[in-house]
Amino acid sequence: MFRTALRNVLAHKGRLLMTVLAVMLGTAFVAGTLVFSDTLGNALRTQNSKSYTDIAVTVSDREAAGAAVSGHGDGAVTGPTLTEETRTKVAALPGAAEVRGVVSGFAGIADTKGALIGNGFSTTGTNYVPGPDGKDPRYPLVEGRGPKDATEIALDRKTADKGGYKVGDTVRVAVNGPVMKLKLTGTLTTNDPRVVAGGSLAAFDTATAQQLYLSPGRYAELDVRSKPGTDDAALLAAVKQAVPQGDFIEAKTGRELADEQDEMIRKGTTVLTTFLMAFAGIALFVGIFIIANTFTMLVAQRTKELALLRAVGATRRQITRSVLIEALLVGLTASVTGLLAGIGIAAGLKSLLNGPMDANLPDGPLIVAPSTVVAALAVGVLVTVLAAWLPARRASRIAPVAAMSSAEQPATQKGLLVRNIIGLVFSLVGAAALAAGVGGKEVKLVGLGAGALLIGVFVLTPLLSRPLITLIAPLLRALYGAPGKLAKENAIRNPRRTAATASALTIGVTLITSLTVIGASVNQAVDKATATDLKADYTVAMQNFSSLSPEIATQIAKAPGVSVVSAERSMSVKTGQNDEDSEWMTAVDAATIDQVATVKVSEGSADALKQGKLLVSSGRAKQAGYKVGDTLAVTYPDGVKGSLTIGGILEANTALASVVAPEAVVGPHAQPGSGLEKVLVKGTDGATPELKQALRDASGGNPLIAVKGAKEIKAENRQMITGILNMMYGLLGMSVVIAVLGVVNTMAMSVFERRREIGMLRAVGLDRLGIRRMVRLESLLIALFGGLVGVALGVLVAWAGVRTMADSLKDITTVVPPLQTAGFLLAAAVIGLLAALWPAHRAAKLDILDSIKSQ
């Protein structure tokens, strides 16, 4: 039977080509994902290990690190700190060769036109620590020298090149306040992962860095280099005794830190792998329909051959095994090819990201792990064999008497009835779960319901194919006459085959439609919310979501054309004994907030803030079980205990946080010098270019500070959603390509098995153009059927998903973009026509007499 299977594969290699391509593409997606993730993870770990090669022990002040990032380190001291005295004490330990005090935060660098270099999230500032030779070994100089005082700065070479700066130029740099103009004394290099990945680095002298990010004499970290022969564990123990004891002071070996970073990298690459593998799974799932359809058609075309094998003594098990061996050979061939293609995809993606896309990924070899090879081969083979199992079972049921006929054995009524019952059960359960999830706004239940409903509809597609195709067909008959009628009859002749071919396309159309509808719905809701929730003409905030300097609000209030200024600050208060029992709230000016934002409540009083009470969003109230009148016992950041009463439940509002508190009540308990989250501004004459420029000037021209009006906020939101959708479309593209291959495969094999019929049509007068039209229109009907079902399912799933967002997005409604939806159906039609080009050409080329004589 193995020889029989091998002979059949070789004999039908042309008809199996599209199946091989489908499995190859899915396997290539899997292999490419694994190779790229392993390559990226290895490169990041290698780069990370370089960062800790000369560090034996690190002592960190987590409070200082957080304060430096937030931009208000000068007042954020609640415990022991790392000072110059601490550094000197640690440096005196017997095993310590050198102790480096580290200060770091963010620093926005403006180019010569005042625009920010980079994206704001990877703008690193640090201290330059020169040795006896005036150079800092951690940051090797390319040109010039390091900074010596508060008027000087050094930049990494790439940032200097991007900004067009040369040594001696004046650089515009800012933290969370006005821009500072500093002299560029040198350019340097670094292996800091943030900078290597495309970020910027600004180096100050230590005193300046401490003043900017913390407070004079304070460090965020101490890096200890050990003397030769010193045991790191012993040095760690000595360092722990030398540094002050506190909740935020932590000492670890360099190896421990490297391992922690490696674990973070592993988790990050795992998330990336899981995300990409989900789309690879979709592509493979689409491939299952093609594989099953191909082997079903092959079995049908070889009915006489298989019956003869039964007649000469082959058992049902041997017949099943023969078909599965064919699938195994096909899967193995496709998997090996897909593995090689996946390796090429990973290499190409790496070159693309580091080339035209300028992603600055760390260098490293391409990693093809043994587990990747095994996974790619196993996935390809298993998917192919499993998809061929049902056709193999059907093949084993062919009776020996069927050797007297070459006709395809029709599906039994019992088999169709069982299939329809299963599909109906899945559909009903899915619809019920979907409705329950929508009613209770349970995302997980909606997801489960959508999955069950999709499976049910896929199972029912043979039942749905006849009425839907019959609905479309009259137009084709009216336009094209006999070829249109024949196309319709061919499309509904074998509902299972039509359903399997269309379902592959339906999956992609369903997902693309649902994403598009959700994206359009969210865009409209956010646009409405921005227009109704935000009364302010402009919002002033840091681009990297760090804190604004408290003085910014005062400066903005003095700007010409400003009528109302309302500042907001975020703070966390403890509501229990554990750190986990806390509540993040935004403190606002109760007197002005209603002038810059819409304050509407569903329960309680809209004047709750003016009464010294809290306002809580409906979503947060539901999550935490809060009700109007509830009193929270809190511990403020300064350690003072108090109580806060909930005075109202907010309607969904994008301009306000989930918990809003009056600044007059909670502000005095904030950390001294704590920064602002944002400043809302209303102008005397509304939003004008003059007011926007005045706000920029009031913020000192800081490139990290963004001044945005309603139009910019809407555009930014739309750009973000569009970017996400485009990425999703690209990842779903593989499944669409596989679906196209399925249509090509079905039509080509249909032409082969209908050669005699095509010859008879030619003999009775249907010309070659008519034959081509018949095949193309049949493909068009199948593709349109898949597209219609996909659009309908996509809209339904999107509607359910949108309804679960009602608590977080006010007045969100399901928006079905007509042009894009019509575009999906048009795309399905074009796919059907293009997929039929080769099969139609082949059908028209058949010789009439040879076709009539074929069996």
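What you are looking at is a predicted structure, and each value in this text was computed from that prediction instead of being measured.

**Observations concerning the overall build of the chain**
So, step 1. Across its full length, the chain carries 28 helices and 24 strands.
So, step 2. Along the three orthogonal principal directions, the C-alpha set of the chain runs to about 100 × 70 × 50 Å.
So, step 3. Every one of the 855 residues in the chain was classed for burial, and the buried ones make up 50%.
So, step 4. Contacts in the chain between residues at least 24 apart in sequence constitute 81% of all its contacts with a sequence separation of at least 6.
So, step 5. A total accessible area of about 38100 Å² is found for the chain, and carbon and sulfur atoms account for 61% of it.
So, step 6. Averaging the locations of the 85 positively and 68 negatively charged side chains of the chain gives two centres separated by 17 Å.

**Examining a positive patch on the surface**
So, step 1. Residues Arg316, Arg393, Arg394 and Arg397 make up a contiguous surface patch of positive charge.
So, step 2. Structurally, the position occupied by Arg393 is in helix H13 (residues 389-396).
So, step 3. Arg393 sits in the partly exposed class, given a relative accessible area of 34%.

**Digging into the pairing of strand S15 (residues 538-542)**
So, step 1. Buried residues dominate S15, accounting for five of its five residues.
So, step 2. Of the two faces of S15, both are covered, the one formed by Tyr538, Val540 and Met542 as well as the one formed by Thr539 and Ala541.
So, step 3. The sheet contact formed by S15 and strand S23 (residues 678-683) spans three bridges and is antiparallel. In the sheet register, Thr539 faces S23, and the bridge partner there is Leu680.
So, step 4. Judged from the four bridges that link them, S15 and strand S24 (residues 705-708) form a sheet pairing that is antiparallel. Residue pairing across strands places Thr539 opposite Lys708, the latter belonging to S24.

**Considering the sheet that holds strand S14 (residues 249-253)**
So, step 1. The strand order S3-S13-S1-S14 describes an open sheet built from four strands, whose pairing is antiparallel. Of all the strands in the sheet, just strand S3 (96-102) and S14 have a single pairing partner and so form its edges. Strand-to-strand twist of the sheet, defined as the mean angle between neighbouring strand axes without regard to direction, takes the value 15 degrees.
So, step 2. Summarising the sheet, S3 and strand S13 (residues 221-226) pair through six bridges and their orientation is antiparallel. Residue Val99 lies in a different strand from S13, and its bridge partner there is Val224.
So, step 3. Of the strands in this sheet, strand S1 (57-61) and S14 are in contact with helix H9 (residues 254-301), which crosses S14 at around 95 degrees.

**Concerning the nonpolar core**
So, step 1. With 97 residues, the main nonpolar core has Phe295, Ile738 and Val775 as its most contacted residues.
So, step 2. With 15 residues, helix H25 (residues 768-803) is the largest single contributor of residues to this core.
So, step 3. Leaving out residues up to four positions away in the same chain, Val775 has contacts with Met747, Val751, Ala836, Pro839, Ala840 and Ala843.
So, step 4. Grouped together as the second largest cluster of nonpolar side chains are 58 residues, Val90, Leu93, Ile249 and Ala559 included.

**Section: empty space enclosed by the protein**
So, step 1. This model, assessed by the stated rule, comprises two cavities of 30 Å³ or more.
So, step 2. Size it by volume and the largest cavity reaches roughly 50 Å³.
So, step 3. The residue makeup of the lining of the largest cavity, split by class, is five nonpolar, one polar and one charged.
So, step 4. Its volume calculated, the second largest cavity comes out at about 30 Å³.

**Description of the packing of aromatic side chains**
So, step 1. The tally for this structure, following the rule as stated, stands at five aromatic pairs.
So, step 2. For the ring pair Phe285 and Phe289, a centre distance of 5.4 Å and an interplane angle of 80 degrees mean the geometry is edge-to-face. Remark: Phe289 and Phe285 occur in helix H9; sequence separation between them is four residues, near one turn of the helix.
So, step 3. The exposure class of Phe285 is partly exposed, given its relative accessible area of 34%.
So, step 4. Pairing Phe289 with Phe458 gives two aromatic rings, centres 5.9 Å apart and planes at 75 degrees, and the pair type is edge-to-face. Of this pair, Phe289 sits in helix H9 while Phe458 sits in helix H15 (residues 443-480), and the two are 169 residues apart along the sequence. Of the two residues examined, Phe289 and Phe458, each falls in the buried class.
So, step 5. Ring pairing ties together the aromatic residues Phe285, Phe289 and Phe458, which thus form one cluster.

**Details of the side chain of Asp111**
So, step 1. Take Asp111: it is sitting in the loop between strand S5 (108-110) and strand S6 (123-128).
So, step 2. Despite its burial, Asp111 pairs with no opposite charge; the closest candidate is Lys113, at 6.9 Å N-O.
So, step 3. There is a polar contact of 2.9 Å between the side chain of Asp111 and the backbone nitrogen of Lys113.
So, step 4. With residues near it in sequence (within four places) discarded, Asp111 still touches Ile117, Gly163 and Tyr165.

**Describing the environment of Asp247**
So, step 1. With respect to the secondary-structure elements, Asp247 resides in the loop between helix H8 (232-242) and S14.
So, step 2. A relative accessible area of 70% means that Asp247 is categorised as exposed.
So, step 3. The sequence separation of Asp247 and Asp61 amounts to 186 residues, and the corresponding C-alpha distance is 9.1 Å.

**Observations concerning the confidence of the model for the chain**
So, step 1. In the predicted model, the chain carries a mean pLDDT of 86, and 93% of its residues have values of at least 70.
So, step 2. Mean pLDDT in the chain bottoms out at helix H3 (residues 62-70), which sits at 62, and peaks at strand S8 (residues 152-156), which reaches 95.

**A few points about a nonpolar patch on the surface**
So, step 1. Where nonpolar side chains cluster on the molecular surface, the patch consists of Phe275, Met720, Ile724 and Met727 and spans about 360 Å² of accessible area.
So, step 2. Here the element with the most residues in the nonpolar patch is helix H23 (residues 710-753); it accounts for three residues.
So, step 3. For Ile724, the position within the fold is in helix H23.
So, step 4. Since its relative accessible area comes to 41%, Ile724 is described here as partly exposed.

**Comments concerning the packing of H15 against helix H17 (residues 495-533)**
So, step 1. Viewed as axis vectors pointing N to C, H15 and H17 meet at an angle of 120 degrees, and their least axial separation amounts to 9 Å. When the axis of H15 is compared with that of H17, the two are oblique. In terms of crossing hand, the pair formed by H15 and H17 is right-handed. Counted together, Leu454, Phe458, Thr461, Pro462, Ser465 and Ile469 of H15 and Pro495, Arg496, Thr498, Ala499, Ser503, Thr506, Ile507 and Thr510 of H17 form the full contact between these two elements.
So, step 2. Residues that form the contact of H15 with H17 fall into these classes: seven nonpolar, six polar and one charged.

**Description of the pattern of salt bridges**
So, step 1. Taken as a whole and assessed by the stated rule, the structure comprises 21 salt bridges.
So, step 2. A salt bridge links Arg87 to Glu84; the nearest nitrogen and oxygen atoms lie 2.9 Å apart. One end of the pair is Arg87 and the other is Glu84, both in helix H4 (residues 84-91) and three residues apart, which spans about a single turn.
So, step 3. We classify Glu84 as partly exposed; its relative accessible area is 31%.
So, step 4. For Lys252, the salt bridge goes to Glu250, with nearest N and O atoms at 3.7 Å.
So, step 5. Taking relative accessible area as the criterion, Lys252 reaches 18% and is therefore assigned buried.
So, step 6. One salt-bridge network, held together by shared partners, links Arg493, Arg754, Glu757 and Glu778.

The rules behind the values
Residues numbered from 1 in each chain as written. Predicted model: local features only at pLDDT ≥ 70, side-chain atom pairs only at ≥ 80, totals over all residues. Heavy atoms only, no water. Helix = DSSP H or I, 4+ residues; strand = E, 2+ residues; numbered from the N terminus. Buried < 20%, exposed > 50% of the residue type's maximum accessible area, 1.4 Å probe, protein only. Contact = heavy atoms within 4.5 Å. Areas by Shrake-Rupley, 256 points an atom, 1.4 Å probe, with all protein chains shown as cover. Lys, Arg positive; Asp, Glu negative; His and termini not counted. Charge placed at Lys NZ, Arg CZ, Asp CG, Glu CD. Patch = residues over 30% accessible without salt bridge, like charges linked within 9 Å, V, L, I, M, F, W, Y side chains within 5 Å. Salt bridge = Lys/Arg side-chain N within 4 Å of Asp/Glu carboxyl O. Pairing = 2+ DSSP bridges. Axes fitted to C-alpha atoms, helices over the stretch in contact; angles between N-to-C directions. Core = buried A, V, L, I, M, F, W, Y, C linked by side-chain atoms within 4.5 Å. 1 Å grid on protein atoms, 1.4 Å probe; cavity = no way out; pocket = protein on both sides within 12 Å on 5 of 7 lines; lining within 4 Å. Points joined across faces, edges and corners; volume = space filled by probe spheres on them. Nonpolar A, V, L, I, M, F, W, Y, C, P; charged D, E, K, R; others polar. Phe/Tyr/Trp six-rings, centres within 6.5 Å; stacked < 30°, edge-to-face > 60°. Polar contact = N/O pair within 3.5 Å; in protein donor to acceptor, adjacent residues only side chain to side chain. pLDDT = per-residue confidence, 0-100. Parallel < 35°, antiparallel > 145°, perpendicular 65-115°, else oblique. Left-handed = near helix turned anticlockwise from the far one by under 90°.

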